[in-house]
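Chain residues, written in single-letter form:
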Amino acid sequence: MATNFWELLQQHQGDLTKSGRTVADYLVQHAAEAQYLSISSLAKECCVAEATVFRFCRALGFEGYHEMRIALAQANATGALVNQHVPEPDADTATLCEHASALLMTTINGTQNNLSPEAVDKASELMHKARQVYCLGQGGSMYIANDICARFACFSTKFRTAGDSHMQLITASLMTPEDVVLFVSYSGATRDMLETLRAAKAAGAKIILLTHYEDSPGAKLADIVLLCGAQESPLDSGNIPVKVALLYVAEVLVLRYTMDDPENANAAQDRTSEALAVKML
């Protein structure tokens with residue numbers, strides 16, 4: 001869709017319902033923040049139903065919320081409504097280093113403020129009691145989940161992963177009430193993830209979700225939600241600061257898990273370190 005988002009909004013003002021105009025007013029006043037919101041979060045901010053937000057998107061000619069959100073981000077990127085400092089095209093490498101450092105520090109600080117220590121404690125307790133813990137994710141999040149699994153595998157053989165979305169769904173269907181799913185999903189709203197979580201929940205497994213959105217569909221299925229504070233524009237999907245935020249949450253969880261059973265954790269780490277040392281000779 002070539003037309004600028006703000007031009008579309010102006011063209012279709014007359015097509016909007018009263019609640020649709022409420023959504024429009026919010027987007028005008030909070031353009032920079034709104035591009036990072038899930039449909040659930042935007043509906044909550046506007047005090048309307050998710051269906052109202054969807055109808056608003058269709059009234060402007062979009063297929064759905066995701067397409068509207070991308071158009072909003074594109075309009076922000078080319079207009080004065082963006083409240084972010086982006087390096088100039090001719091910026092030198094030293095400036096880029098400072099910019100990347102600031103992004104990562106903001107990400108860590110935001111995640112530290114959003115992450116609930118109580119939720120981490122409960123997640124660690126669930127994992128200690130579990131028969132098996134499946135670290136899962138899809139797309140780019142699958143690689144993060146694999147890294148998390150590899151980290152925990154240094155302490156116990158009960159940590160597993162399960163390939164692509166097809167294998168994850170099969171694995172979830174065979175879980176038991178003694179199992180735990182540790183799922184990584186920034187949006188908490190992908191269709192394949194929801195299918196996997198529903199299957200795991202139906203099997204009685206407990207669910208820990210690492211995400212940015214506490215009101216996402218995935219969060220509603222989870223027993224425990226661990227929040228990261230990084231913001232991801234729809235124009236910059238898979239950016240590194242978001243991965244850092246999710247791995248920060250994972251590292252806190254690893255520390256809590258090992259501190260809750262230091263004797264066994266230390267013994268396991270000694271054994272795995274010794275095994276790897278022999279491998280490297």
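That block above? That's the structure.
Residues numbered from 1 in each chain as written. Predicted model: local features only at pLDDT ≥ 70, side-chain atom pairs only at ≥ 80, totals over all residues. Heavy atoms only, no water.

S.K.: Sorry if this is basic, but what is going on with the nonpolar core here?
M.R.: Buried together is how nonpolar side chains tend to be arranged in soluble globular proteins. Residues I148, I208, L210 and L226 are the most contacted members of the largest nonpolar core, which totals 35 residues. Of all the secondary structure elements, the ones that give two or more residues to this core are helix 8 (117–129), strand 1 (133–137), helix 9 (140–152), strand 3 (180–184), strand 4 (206–211), strand 5 (224–227) and helix 13 (240–259). Top contributing element to this core by residue count: helix 13, with eight residues. If sequence neighbours within four positions are ignored, I148 has contacts with C135, L182, V184, L210, L247 and A250. Residues L16, A24, L72 and A75 belong to the second largest nonpolar core, which totals 26 residues. (Core = buried A, V, L, I, M, F, W, Y, C linked by side-chain atoms within 4.5 Å. Buried < 20%, exposed > 50% of the residue type's maximum accessible area, 1.4 Å probe, protein only. Helix = DSSP H or I, 4+ residues; strand = E, 2+ residues; numbered from the N terminus. Contact = heavy atoms within 4.5 Å.)

S.K.: Any chance you could explain the packing of aromatic side chains here in plain terms?
M.R.: To describe a pair of aromatic rings, you give the distance between the ring centres and the angle between the ring planes. Within this structure, the stated rule accounts for six aromatic pairs. Members of the aromatic cluster, joined through ring pairs, are F5, W6 and F62. (Phe/Tyr/Trp six-rings, centres within 6.5 Å; stacked < 30°, edge-to-face > 60°.)

S.K.: Whenever I open this one, helix 2 (residues 18–29) confuses me. Can you help?
M.R.: One turn of the α-helix equals 3.6 residues, which is why residues spaced by three or four share an orientation. Compared with the 16 Å implied by 1.5 Å per residue over twelve residues, the 17 Å span of helix 2 between its first and last C-alpha is a close match. Within the span of helix 2, buried status applies to G20, V23, A24, Y26 and L27. Taken end-on, helix 2 shows its buried residues confined to a sector of 160°, consistent with a single buried face. Every exposed residue of helix 2 that faces more than 90 degrees away from the buried side is listed here: K18 and Q29. (Expected span 1.5 Å × (residues − 1). Arc of directions from axis to C-beta.)

S.K.: I would appreciate a short explanation of the state of the cysteines in the present structure.
M.R.: In protein chemistry, a disulfide is the covalent bond that joins the sulfur atoms of two cysteines. Counted by the stated rule, this structure contains zero disulfides. In this model C228 remains outside any disulfide bridge; the closest cysteine sulfur is found in C135, 16 Å from its own. Note on C228: relative accessible area 0%, which makes it buried. (Disulfide = S-S within 2.5 Å.)

S.K.: Where do I start with the pattern of salt bridges in this structure?
M.R.: Once the charged atoms of two side chains with opposite charge are near each other, the side chains can pair. Counted by the stated rule, this structure contains five salt bridges. The salt bridge involving E50 is made with K220; its shortest N-O contact spans 4.0 Å. Of this pair, E50 sits in helix 5 (residues 50–59) while K220 sits in helix 12 (residues 217–221), and the two are 170 residues apart along the sequence. A salt bridge links R131 to E178; the nearest nitrogen and oxygen atoms lie 3.9 Å apart. Taken together, the residues span a long stretch of sequence, with R131 in the loop between helix 8 and strand 1 and E178 in the loop between helix 10 (165–173) and strand 3 at a distance of 47 residues. Accessibility expressed as a relative area gives 39% for R131, which makes it partly exposed. Connected through salt bridges with shared partners, the residues R131, E178 and D179 form a single ionic network. (Salt bridge = Lys/Arg side-chain N within 4 Å of Asp/Glu carboxyl O.)

S.K.: Help me understand the packing of helix 10 against helix 11 (residues 191–202) in this model?
M.R.: Think of two packed helices as two axes; the pair is described by the angle between the axes and how far apart they sit. The interhelical angle for the contact between helix 10 and helix 11, taken along N-to-C directions, is 15°, at an axis separation of 7 Å. Accordingly, the angle class assigned to the pair helix 10 and helix 11 is roughly parallel. Where helix 10 crosses over helix 11, the handedness of that crossing is left-handed. Note on element contacts: helix 11 touches helix 10 through D192, E195, T196, A199 and A200, opposite S165, Q168, L169, A172 and S173. By residue class, the composition of the contact of helix 10 with helix 11 is four nonpolar, four polar and two charged. (Axes fitted to C-alpha atoms, helices over the stretch in contact; angles between N-to-C directions. Parallel < 35°, antiparallel > 145°, perpendicular 65-115°, else oblique. Left-handed = near helix turned anticlockwise from the far one by under 90°. Nonpolar A, V, L, I, M, F, W, Y, C, P; charged D, E, K, R; others polar.)

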